[in-house]
Amino acid sequence: MKKGLHTALLFGLCSMVFAEIPLNFDTENRGKDLGAKAGELKSNRKLPNPFEFHDGSKVTKYGDWSKRRNEIKADIEKYEIGDKPIPSDVSATYSGGTLTVTVKEGGKTMTITSKFNIPSGNGPHPIIIGMNSGTGSLSSSLFSGFVQVPFSHDQVAKYSMNGQKDTNVGFYKFYGNKNQNGDYSAWSWGVSRLIDGLAQIADQYHLDMSKIAVTGCSYAGKMALFAGAFDERVTLTIAQESGGGGINSWRTSADFASRGTNIEKIDNTNYSWFMQSLKSQDPYKLPHDHHELIAMIAPRAVVALGNPGYEWLGDESGYKSMMVASEVWKSMGIEDRIGFDFTGGHEHCQAASSQNNTVTAFVDKFLRGKNANTDIHVKPTNGKGFKIDNYADWIDWETPSLPYEEPKPDTSKQDTTVQDTSKQDTSKTSLKMAHLAPSMSMFVSNGFLHVQGAPEGTKVRLFDLQGNLVREFGENGGNLADIRVGKLTAVFVSSCGQKLGHKSFSYTGF
């Protein structure tokens, strides 16, 4: 009886695990080489179609989304914040409770530091990056057992409320030619550099790079939103009371303001946070809007918190934007990965108890691997002049079906070298799993391939660049002795023959 039950459970696992859409990825932007370009200004009174490329063609399959996401990224960079570069030389150390990240580019050097403690135990420990503190404006108790990493943003771009930018510090001094950028490009760049640094110390301190969250409130809620949207290594984005320029779409905010409300919109936001040129833009002519900024996070997870009693936040606009953005997750069949809670009756940036419960559900499900109900959609109520149930009026397009398609490994082109032998200890290398069940991980240590969290009966097959099978291991991995130095691809196959995932890596021997 037990054997039959085990077989049935294993069959169910075979039908479910391998088709799961990844919750995050091991690179900052997978689509950076797809040639995506920004769209042109043209009148559009509706919220732009997230499923339509700028050339008029449509997103028809899951694999199209990465390029479409990068078109949206190009739109936001061109019209709102300026470009967010990816530097090639980043190094990191952790000593005395301080992470020091060093970035080098064009003969210049810049450092970013963050003070935090590593939890006890072998982990792997999830990570929360909070804007200005380890957990933003949320209680640290919500992230017990996490590495709580503060992003002190003045190191990168100094906070300003008057639109005056200090170009002699941080990001602007380092790059020199990006003084016209908005701070949200600089700040999201800084968060990504912290993630770079965390990745470099992850093995030694047992950090789980597949479980990263970002959070912040108000202007820092916008910061968290941009950070999560622009870096695909972030698993969960928590945008708290981000208001105009955050989850709110510029178009829905303009419409809301036309009915006599005083809210943040495209012509009265902060023009050090955004580019000065944004002030003169007609929101109804932008090729994008902020429902698509939110959608850049898909297929990863996001939850937004509001506070409808604060008129300036414009939560009617935020609600409509979140509802329209949800269509992207709906197209992929993963609506449980986007939620919102617009509960009011509390001070700005002091989450209501029900909102803490909402955050806990998303943290438990997507960062702790627990069962939790994230079907959370709490509408805003009692806001001044709210008209919230006509969000569908902003849509003149249809939502396609984009079922997940697992990419096939291409051993002739993949080169995810995981170590630089001139700089790193080659005795242990962590390998972030590509397109794999969230519970699984893999690393090489002392000439042994270690696999953790693989289902019972899994086979680990190693192939060389020519596609030849060079070794096969069980679910826990095996000894790499006698394997020559070179590039290998590990393919994980369930007991019923379905591929669970793959990872290419360079093995330098032991």
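Small disclaimer: the values here were computed from a predicted structure and weren't measured.

If you trace the seven strands from one edge of the open sheet to the other, you get 5-4-6-7-8-9-10, paired in parallel fashion. A single partner strand is all that each edge strand has here, and the edge strands are strand 5 (147–151) and strand 10 (377–378). The pairing of strand 7 (residues 236–240) with strand 8 (residues 301–305) spans five bridges and is classified as parallel. Looking at the pairing, Q240 lines up with L305 of strand 8. Each of strand 4 (125–131), strand 5, strand 6 (207–217) and strand 7 is contacted by helix 5 (residues 219–230), which is oriented at about 150° to strand 6, the strand it contacts most.

Summed over the entire model, instances satisfying the criterion amount to one disulfide. In this model C217 forms its disulfide with C349; the gap between the sulfur atoms is 2.1 Å. Residues C217 and C349 share a disulfide whose torsion about the S-S bond is about -95°; that sign makes it left-handed. Remark: C349 occurs in the loop between strand 9 (338–341) and helix 9 (353–366) and C217 occurs in strand 6; sequence separation between them is 132 residues. Here C217 matches C349 in class, with each residue buried.

Further remarks concern unusual backbone geometry. For the bond from G123 to P124, the omega torsion is 0°, close enough to zero to count as cis. Relative to the assigned elements, P124 resides in the loop between strand 3 (108–115) and strand 4. Between A298 and P299 the backbone carries a cis peptide bond, its omega angle lying at 10°. Here P299 lies in the loop between helix 7 (290–295) and strand 8.

Let us look at the pattern of salt bridges. Inspection of every chain in the model, using the stated rule, returns 27 salt bridges. In this structure, the salt-bridge partner of R259 is E316, at a minimum N-O distance of 2.5 Å. Placement of R259 in the loop between helix 6 (250–257) and helix 7 and of E316 in helix 8 (residues 315–332) is noted, with a sequence separation of 57 residues between them. Accessibility expressed as a relative area gives 0% for E316, which makes it buried. Residues joined in a network through salt bridges with shared partners are E28, K84, R193, D196, D231 and R233.

Another point: the sheet that holds strand 1 (residues 89–95). Note: strands within a sheet are paired through backbone hydrogen bonds, in either parallel or antiparallel orientation. The three strands are arranged 1-2-3 in an open sheet whose pairing can be described as antiparallel. Looking at the sheet topology across the chains shown, the edges are occupied by strand 1 and strand 3. For this sheet the average axis-to-axis angle between neighbouring strands, irrespective of direction, equals 15°. As paired strands, strand 2 (residues 98–105) and strand 3 are joined by eight bridges and run antiparallel to one another.

This next bit is on the side chain of E316. There is a polar contact of 3.0 Å between the side chain of E316 and the side chain of K320. The residues touching E316, leaving out its near neighbours within four places in the chain, are D255, F256, R259, G385, F386, K387 and I388.

If pLDDT is low for a region, its predicted coordinates should not be looked at in detail. Chain-level statistics for the protein give a pLDDT mean of 88 and a share of 86% at 70 or above. Contacts of residues 1–18 to residues separated by more than four positions or lying in other chains number 16 contacts, the stretch itself having pLDDT below 50. Confidence over residues 411–436 falls short of pLDDT 50; this stretch has 70 contacts with residues more than four positions distant or in other chains.

Once that is clear, we can look at the packing of aromatic side chains. A full pass over the atoms with the stated rule returns 28 aromatic pairs. Pairing Y184 with W187 gives two aromatic rings, centres 5.3 Å apart and planes at 75°, and the pair type is edge-to-face. Note that Y184 and W187 are positioned in helix 4 (residues 183–205) at a spacing of three residues, about one turn of the helix. The ring of Y284 has R45 lying over it, and the distance from NZ or CZ to the ring centre is 3.7 Å. Above the face of the Y175 ring, K178 is positioned so that its terminal group lies 5.6 Å from the ring centre.

How each quantity is defined
- Starting afresh in each chain, residues are numbered from 1 along the sequence in its written order.
- In keeping with the predicted nature of the model, local features appear solely for residues at pLDDT of at least 70, side-chain atom pairs appear and are counted solely at 80 or more, and the whole-chain, interface and lining totals rest on all residues.
- Only hydrogens and water are removed before side-chain values are computed, so all heavy atoms of the structure are retained for them.
- Strand pairing is assigned whenever DSSP detects at least two bridges linking the two strands.
- Secondary structure elements are defined from DSSP: runs of H or I of at least 4 residues count as helices, runs of E of at least 2 residues count as strands, and each element is numbered from the N terminus.
- By definition in these notes, contact holds between two residues if any of their heavy atoms fall within 4.5 Å.
- Here the axes come from fitting lines to C-alpha atoms, over the contacting stretch only for helices, and the angles between their N-to-C directions go from 0 to 180 degrees.
- Two cysteine sulfurs form what is called a disulfide whenever their separation falls within 2.5 Å.
- Working definition: with a 1.4 Å probe on protein chains only, accessible area under 20% of the residue-type maximum means buried, over 50% means exposed, and in between means partly exposed.
- Definition used for salt bridges: Asp or Glu carboxyl oxygen within 4 Å of a side-chain nitrogen of Lys or Arg.
- Pairs of N or O atoms are called polar contacts if they sit within 3.5 Å, as long as, within protein, a hydrogen donor faces a hydrogen acceptor (for residues adjacent in sequence, only side-chain-to-side-chain pairs).
- The pLDDT value tells you how sure the predictor is about a given residue, anywhere from 0 up to 100.
- Aromatic pairs are defined between Phe, Tyr and Trp rings, using the six-membered ring for Trp, whenever the two ring centres lie within 6.5 Å; interplanar angles under 30 degrees are classed as stacked, those over 60 as edge-to-face, and all others as tilted.
- Look at NZ for Lys and CZ for Arg. If either is within 6 Å of the ring centre and within 35 degrees of the ring normal, a charge sits over the ring.

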